[in-house]
2 protein chains.
Amino acid sequence: MTLPELPLHEQHCRPLGPTHALDHAAAESALARLDAGWRIAGTESALALEREFRLSDFAAALALANAIGALAEAEDHHPDLELGWGRLRVRWTTHSAGGLTLNDFICAAKIDRLPP
Amino acid sequence: MTLPELPLHEQHCRPLGPTHALDHAAAESALARLDAGWRIAGTESALALEREFRLSDFAAALALANAIGALAEAEDHHPDLELGWGRLRVRWTTHSAGGLTLNDFICAAKIDRLPP
């Protein structure tokens, strides 16, 4: 009997290395488990997971950055953020793996579950 | 253009339009009044004022982003921020003027005076 895999947002990041990097097909498969809006970016040798959020103003974008920051600290996995008036772009990648890993999708799924 | 003599960090932003845009020479002159590290970026038709800060970790970069955010709200003038582990890039420009104005340098000077 195969136990059902935990939902991504209920999983936690763990230290991952190059052997855990997802290829483009595996990344696309994981992408399907996230809310719409996320996309795979970058090249095969340096994949990343991105989403741009539209917010009401600068303060709302900064508030979302802080919520993501708290989540990132809890998971010890940190994104790149681009913040401007009414927008926040989030970019996940796993530097220790040289690309995308499950950690990136776990954090993205946790963002999907943040309260609005 | 003669810049007002009041120290930049003691001035406040005000609504500015295209006629207040600084040309490259005026921008370089204002740049000399800021701490080292700031630079004029972009093209003559879309100048911006940028600085990249190196911080100890993600949380420190986010803390600086919040301090800058508070200053931006107080002045009702908002930068673009690029935040990652241990780094924060700040980019000022005045969209209503289509380039750099005194407002951008006032906010940069206020960042220079933030407590460490």
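These figures come from a predicted structure and were not determined experimentally.

Visitor: How would you sum up the interface of chain A and chain B? Please name residues and give values.
Guide: Contacts between the two partners involve 16 residues from chain A, matched on the other side by 16 residues from chain B. The contact between chain A and chain B buries some 1300 Å² in all, and 61% of this surface belongs to carbon and sulfur atoms. Where chain A packs against chain B, one counts two salt bridges. For Asp80 of chain A, the salt bridge identified is with Arg87 of chain B, shortest N-O distance 3.0 Å. Counting across the chain A and chain B interface gives five residue pairs in polar contact (both at pLDDT 80 or more). Elements supplying a minimum of two residues to the side of chain A that touches chain B: α2 (58-75) and β3 (80-84) of chain A. The element contributing the most residues to the side of chain A that touches chain B is α2 of chain A, with seven residues. Classifying every residue of the side of chain A that touches chain B gives eight nonpolar, four polar and four charged. With three bridges connecting them, β3 of chain A and strand β3 (residues 80-84) of chain B associate as antiparallel partners. By the bridge assignment for β3 of chain B, Leu83 of chain A is matched with Leu81 of chain B.

Visitor: Explain the sheet that holds strand β4 (residues 87-92) of chain B residue by residue, including any values.
Guide: The strand order across the open sheet built from eight strands is β1(A)-β2(A)-β4(A)-β3(A)-β3(B)-β4(B)-β2(B)-β1(B), with neighbouring strands paired in antiparallel fashion. Since the sheet does not close on itself, it has two edges, and those belong to β1 (39-43) of chain A together with β1 (39-43) of chain B, each with one partner. Across the sheet, the mean angle separating the axes of adjacent strands is 25 degrees when strand polarity is ignored. Across the sheet, helix α2 (residues 58-75) of chain B is in contact with β3 of chain A together with β2 (46-54), β3 and β4 of chain B; its angle to β4 of chain B comes to roughly 25 degrees.

Visitor: Tell me about the packing of aromatic side chains, and name the residues and values.
Guide: Geometry of an aromatic ring pair is reported as the spacing of the ring centres plus the angle between the planes. Residue and element names in this part refer to chain A. A complete count under the given rule lists two aromatic pairs over all chains for this structure. Residues Trp38 and Phe53 carry aromatic rings whose centres are separated by 6.2 Å and whose planes lie at 85 degrees to one another, so their mutual orientation is edge-to-face. With Trp38 in the loop between α1 (24-31) and β1 and Phe53 in strand β2 (residues 46-54), this residue pair connects regions lying 15 residues apart in the sequence.

Visitor: Give a detailed account of the side chain of Glu50 of chain B, specifying residues and quantitative values.
Guide: Residues and elements named next belong to chain B. Relative to the elements of secondary structure, Glu50 occurs in strand β2. We classify Glu50 as buried; its relative accessible area is 6%. A polar atom in the side chain of Glu50 sits 3.0 Å from the side chain of Arg89. Polar contacts involving the side chain of Glu50 include one to the side chain of Arg91, which spans 2.2 Å.

Cut-offs used in this document
- Residues numbered from 1 in each chain as written.
- Chains lettered and ligands numbered in written order.
- Predicted model: local features only at pLDDT ≥ 70, side-chain atom pairs only at ≥ 80, totals over all residues.
- Heavy atoms only, no water.
- Contact = heavy atoms within 4.5 Å.
- Buried area = accessible area lost by both parts, 1.4 Å probe.
- Salt bridge = Lys/Arg side-chain N within 4 Å of Asp/Glu carboxyl O.
- Polar contact = N/O pair within 3.5 Å; in protein donor to acceptor, adjacent residues only side chain to side chain.
- Helix = DSSP H or I, 4+ residues; strand = E, 2+ residues; numbered from the N terminus.
- Nonpolar A, V, L, I, M, F, W, Y, C, P; charged D, E, K, R; others polar.
- Pairing = 2+ DSSP bridges.
- Axes fitted to C-alpha atoms, helices over the stretch in contact; angles between N-to-C directions.
- Phe/Tyr/Trp six-rings, centres within 6.5 Å; stacked < 30°, edge-to-face > 60°.
- Buried < 20%, exposed > 50% of the residue type's maximum accessible area, 1.4 Å probe, protein only.

In short, shape yes, function no, at least from these values alone.
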